[in-house]
Protein chains: 2
Amino acid sequence: MKNDIILLGHGSGGKLSHQLLDELIIPILSQVEQTEQNDAAVIDGIVSNQIAFTTDSYVVDPVVFPGGNIGDLAINGTVNDLAMSGARPLAISVGLILEEGLGLDELREILQAMKLAADKAQVKIVTGDTKVVPRGKGDRIFINTSGIGVFDHELRPVGSAARPGDKVLINGRIGDHGMAVLASREGLDLQTDVATDSAPLNAMVAKLLERHGSAIHVLRDPTRGGVATTLKEIALQSGVDICLEEERLPVSDAVAGACAILGLDPLFVANEGKLLTIVDGQVADEVLATMRRCEFGEKSALIGEITENSAGRVMMRTAIGGLRSIEMLAGEQLPRIC
Amino acid sequence: MKNDIILLGHGSGGKLSHQLLDELIIPILSQVEQTEQNDAAVIDGIVSNQIAFTTDSYVVDPVVFPGGNIGDLAINGTVNDLAMSGARPLAISVGLILEEGLGLDELREILQAMKLAADKAQVKIVTGDTKVVPRGKGDRIFINTSGIGVFDHELRPVGSAARPGDKVLINGRIGDHGMAVLASREGLDLQTDVATDSAPLNAMVAKLLERHGSAIHVLRDPTRGGVATTLKEIALQSGVDICLEEERLPVSDAVAGACAILGLDPLFVANEGKLLTIVDGQVADEVLATMRRCEFGEKSALIGEITENSAGRVMMRTAIGGLRSIEMLAGEQLPRIC
């Protein structure tokens, strides 16, 4: 690789494309032999007659931020989307859209983060595609990750399965990812370390389903739009009201402080290593105990419940005893957060 | 949808995102009910313990060109990648990266083309994602389509399976897609209609495998980099030499003329509705007859053979009897062609 930046020719499909693929991308991501490179990957070990399938594109700005970069973010995000459906993440595709002029060192760092994240989540990167756009027609790097998961059981948690009496749990503090990216983008000095919470949640989900089975009604990761938007989606899908307790919401002092200064509400700030689960109220304490024993779950909390009403509302009982209605994010509170 | 253009807020994950999804994207692409929208799609009907998985991002410029647009191109491209592996395309994901300011009418037209193409190819669009980037950080629309295919048989054509004595077939004229996009982008008047050849080839592949089984050694679609680059890849993967006959290469007069004027070689120009197949020499004529009876195969031709040499070379016997070596595209002959 003589040139140290991405050229338009790297997207031609010809010699430069092959060089980029053979000398940088494939050695890091997949180690698939050249003789095995075909238009589609063939994946073995499909054990169920159903599979989970998901896709996400990542356009986060900046591409590197405290605690991670767009690469591990893209892997964890797709791993988590598969996990939330109850599936075991199996294989991931990587579609890169590179802007002419991107440094190869920066690309290498991002690819290495992807590989590390995939290894940690025990998924394989099996197929990919690379395109190049001219300077000013992209923004350094966009990544699409699509993923396939298999089901090891009959459990299918869905957003429409919340029932009155259920409890709402979350696996830790909210708003860290969004605030880390925003602070990094705007050059804000938060006087304290706020890093992304980006993490793979598939091991925790597997443990929850194994231990608590059909008591796990809903699993959803509150990414773009935050906890508020995700709960509002679930309330509408299930046709139930959800009531949150403000005092129980885990928020770090740093994120709470930064949100106060910036006029943001942590309920709407993106997370990338959090899951919301809505579970049978009878076993909520046991589920909470399981979550707290898992990696990425030490600070899990019970934050609310499904009430007897069925208007698709999300309400929050505030610290001073009032009740306020939570709606979806109306504008672009935080664009390009993932 | 009061506004007639894409706003940054359409990518926030909040109210505007849901409106775009519920009022425009989902009604056109998938009709999945809101209560059924989860982080991953669950796909039924997985009948084999292997599946095919592929991904491609589309960044073509311009996004609308003679004979198609980026939408049907993205569907056909992924359908074809699955088909080339011997799989039956089953489900497709759609990842949209929209530039702030894109007209909703233009987006609607592209989505409608995607849906039509998916219906024609008999695949379902089952999951998706939409991101928005600020003006000047993208280029109207980029689309990632990833796809899953199932195998109805034990046949797995791969690039490493070409053998001496095999014949090389193609299902029609080359270079139309690349030339249509280039002419459209540069405002060239080719004095004649050159349109993209973008088309789904899965029905043809199914017929070929059903009729000729294991005599079909290699299937590959010569997209970016053209026929030359794809054959060079196969020659290297199989460790064989391929010899083409220039006089047998089907090229329309319009494409040949335009290439001559522009100094391009149609062998390197992208196709989006062509397949190369390398088949047992004993049955090549029968395979050719099958191809010619298929839709998109009327002008199929036998264009070359695998020789007894094994140096990974591609040679072309020219019209005047010479032999020239064909290498991969070296630079960016035609950037952003798909």
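Residues numbered from 1 in each chain as written. Chains lettered and ligands numbered in written order. Predicted model: local features only at pLDDT ≥ 70, side-chain atom pairs only at ≥ 80, totals over all residues. Heavy atoms only, no water.

### Regarding the overall build of chain A
So, point 1. Secondary structure summary: chain A contains 8 helices and 14 strands in total.
So, point 2. Its C-alpha atoms give chain A a radius of gyration of 21 Å, within 12% of the compact-globule value 20 Å for 338 residues.
So, point 3. Expressed as a percentage of the 338 residues in chain A, the buried residues total 62%.
So, point 4. Across chain A, the fraction of contacts at a sequence separation of at least 24, relative to all contacts at a separation of at least 6, is 85%. (Helix = DSSP H or I, 4+ residues; strand = E, 2+ residues; numbered from the N terminus. Rg over C-alpha atoms; globule rule 2.2 N^0.38 Å. Buried < 20%, exposed > 50% of the residue type's maximum accessible area, 1.4 Å probe, protein only. Contact = heavy atoms within 4.5 Å.)

### Here's the deal with the confidence of the model for chain A
So, point 1. Chain-level statistics for chain A give a pLDDT mean of 94 and a share of 98% at 70 or above.
So, point 2. As a predicted assembly, this complex carries a pTM of 0.97 together with an ipTM value of 0.96. (pLDDT = per-residue confidence, 0-100.)

### Focus: the sheet that holds strand 1 (residues 41–43) of chain A
So, point 1. Pairing within the open sheet is mixed, and its 5 strands lie in the order 1(A)-2(B)-7(B)-5(B)-6(B). Lying at the two open borders of the sheet, with one neighbouring strand each, are strand 1 of chain A together with strand 6 (124–133) of chain B. Here the average twist between neighbouring strands, direction ignored, is 20 degrees.
So, point 2. Of the pairings in the sheet, the one linking strand 5 (residues 88–99) of chain B to strand 6 of chain B comprises 9 bridges and is parallel in character. Considered in strand 6 of chain B, the bridge of isoleucine 92 of chain B is made with isoleucine 125 of chain B. (Pairing = 2+ DSSP bridges. Axes fitted to C-alpha atoms, helices over the stretch in contact; angles between N-to-C directions.)

### A few points about the pattern of salt bridges
So, point 1. The tally for this structure, following the rule as stated, stands at 35 salt bridges over all chains.
So, point 2. Here arginine 88 of chain A and aspartate 152 of chain A are joined by a salt bridge, their closest N and O atoms 2.6 Å apart. Of this pair, arginine 88 of chain A sits in strand 5 (residues 88–99) while aspartate 152 of chain A sits in the loop between strand 7 (141–150) and strand 8 (167–170), placing them 64 residues apart in sequence.
So, point 3. For arginine 88 of chain A, a relative accessible area of 37% corresponds to the partly exposed category.
So, point 4. Classification of aspartate 152 of chain A as partly exposed rests on a relative accessible area of 49%.
So, point 5. Here arginine 317 of chain B ties to glutamate 245 of chain B by a salt bridge, and the two come within 3.3 Å at their closest N and O atoms. With a gap of 72 residues between them, arginine 317 of chain B in strand 13 (residues 314–317) and glutamate 245 of chain B in strand 10 (residues 242–245) connect regions that are remote in the sequence.
So, point 6. Of the residues examined, glutamate 245 of chain B reaches a relative accessible area of 25% and is grouped as partly exposed.
So, point 7. Salt bridges here are not isolated pairs; linked through shared partners, they connect Asp56 and Arg224 of chain A together with Asp129 and Lys131 of chain B. (Salt bridge = Lys/Arg side-chain N within 4 Å of Asp/Glu carboxyl O.)

### Some remarks on the domain arrangement of chain A
All names here are of chain A.
So, point 1. The assigned domain composition of chain A is domain 1 (8–150) and domain 2 (167–326).
So, point 2. Each of domain 1 and domain 2 has a C-alpha centre, and these two points are 28 Å apart.
So, point 3. In this assembly, domain 1 packs against domain 2 so that about 1700 Å² is buried in total across both faces, 60% of it on carbon and sulfur atoms.
So, point 4. Area buried by domain 1 at its contact with domain 2 is led by Pro66, Asn80 and Met84, which between them contribute 33% of it.
So, point 5. On inspection of domain 1 and its partner domain 2, the count reaches 2 salt bridges.
So, point 6. Joining domain 1 to domain 2, the criterion identifies 8 residue pairs in polar contact (both at pLDDT 80 or more).
So, point 7. Residue assignment for the side of domain 1 that touches domain 2 shows that the elements contributing at least two residues are strand 3 (64–65), helix 2 (70–84) and helix 3 (104–121).
So, point 8. Counting residues per element, the side of domain 1 that touches domain 2 draws most heavily on helix 2, which supplies 9 residues.
So, point 9. Of the residues assigned to the side of domain 1 that touches domain 2, the class counts are 11 nonpolar, 6 polar and 4 charged. (Domains from an automatic or database assignment. Buried area = accessible area lost by both parts, 1.4 Å probe. Polar contact = N/O pair within 3.5 Å; in protein donor to acceptor, adjacent residues only side chain to side chain. Nonpolar A, V, L, I, M, F, W, Y, C, P; charged D, E, K, R; others polar.)

### Some details on the relation of the copies chain B and chain A
So, point 1. For the pair chain B and chain A, the best superposition has an RMSD of 0.0 Å and corresponds to a rotation of 180 degrees with a translation of 0.0 Å parallel to the axis. Seen this way, the second copy is the image of the first under a two-fold rotation axis. The C-alpha atom lying nearest the rotation axis in chain B is that of glycine 138 of chain B; the distance is 2.1 Å.
So, point 2. The residues that chain B uses at the interface reappear at the interface of chain A in 100% of cases, marking a shared surface. (Least-squares fit on C-alpha atoms with pLDDT ≥ 70 in both.)

### Some points on the packing of helix 5 (residues 202–212) of chain A against helix 8 (residues 284–293) of chain A
Residues and elements named next belong to chain A.
So, point 1. Axis separation between helix 5 and helix 8 bottoms out at 10 Å; the angle between their running directions is 145 degrees. Like other packed secondary-structure pairs, helix 5 and helix 8 cross with a definite hand, here right-handed. Between helix 5, through Met204, Lys207, Leu208, Arg211 and His212, and helix 8, the contact on the second element is made entirely by Glu286, Val287, Thr290, Met291 and Arg293.
So, point 2. Class assignment of the residues belonging to the contact of helix 5 with helix 8 gives a composition of 4 nonpolar, 2 polar and 4 charged. (Left-handed = near helix turned anticlockwise from the far one by under 90°.)

### Some points on the interface of chain B and chain A
Accessible area lost when the parts come together is the quantity often used to give the size of an interface.
So, point 1. Listed as interface residues are 82 residues of chain B and, on the opposing side, 82 residues of chain A.
So, point 2. Between chain B and chain A, roughly 6400 Å² of surface is buried when both sides are summed, and carbon and sulfur atoms account for 57% of that area.
So, point 3. It is Asp39, Phe53 and Arg224 of chain B in chain B that bury the most area against chain A; as a group they hold 13% of the surface buried on that side.
So, point 4. Taken together, the connections running from chain B to chain A amount to 5 salt bridges.
So, point 5. In this structure, arginine 220 of chain B and aspartate 39 of chain A form a salt bridge, with 4.0 Å as the shortest nitrogen-oxygen distance.
So, point 6. Of all elements in the fold, only helix 1 (15–29), strand 1 (41–43), strand 2 (51–58), helix 2 (70–84), strand 5, strand 6, strand 7 (141–150) and helix 6 (226–238) of chain B reach the threshold of two or more residues within the side of chain B that touches chain A.
So, point 7. Per element, the largest residue contribution to the side of chain B that touches chain A is 8 residues, and it comes from strand 6 of chain B.
So, point 8. Its residues assigned to classes, the side of chain B that touches chain A comprises 30 nonpolar, 34 polar and 18 charged.
So, point 9. In the sheet, strand 1 of chain A pairs with strand 2 of chain B via 3 bridges, with the strands oriented antiparallel. Pairing of valine 42 of chain A across the sheet is with alanine 52 of chain B, part of strand 2 of chain B.

### As for unusual backbone geometry
Trans is the common state for peptide bonds, and a negative phi is the common state for residues other than glycine.
Residue and element names in this part refer to chain A.
So, point 1. For the peptide bond that leads from aspartate 61 to proline 62, omega is 0 degrees, which places it in the cis range.
So, point 2. With respect to the helices and strands, the residue proline 62 is situated in the loop between strand 2 (51–58) and strand 3.
So, point 3. Not every positive phi belongs to a glycine, and arginine 140 is a case in point at roughly 65 degrees.
So, point 4. By secondary structure assignment, the location of arginine 140 is in the loop between strand 6 (124–133) and strand 7.
So, point 5. The class of arginine 140 is partly exposed, set by a relative accessible area of 37%.
So, point 6. One non-glycine residue, phenylalanine 296, lies in positive phi territory at about 70 degrees.
So, point 7. Inspection of the secondary structure puts phenylalanine 296 in the loop between helix 8 and strand 12 (301–306).

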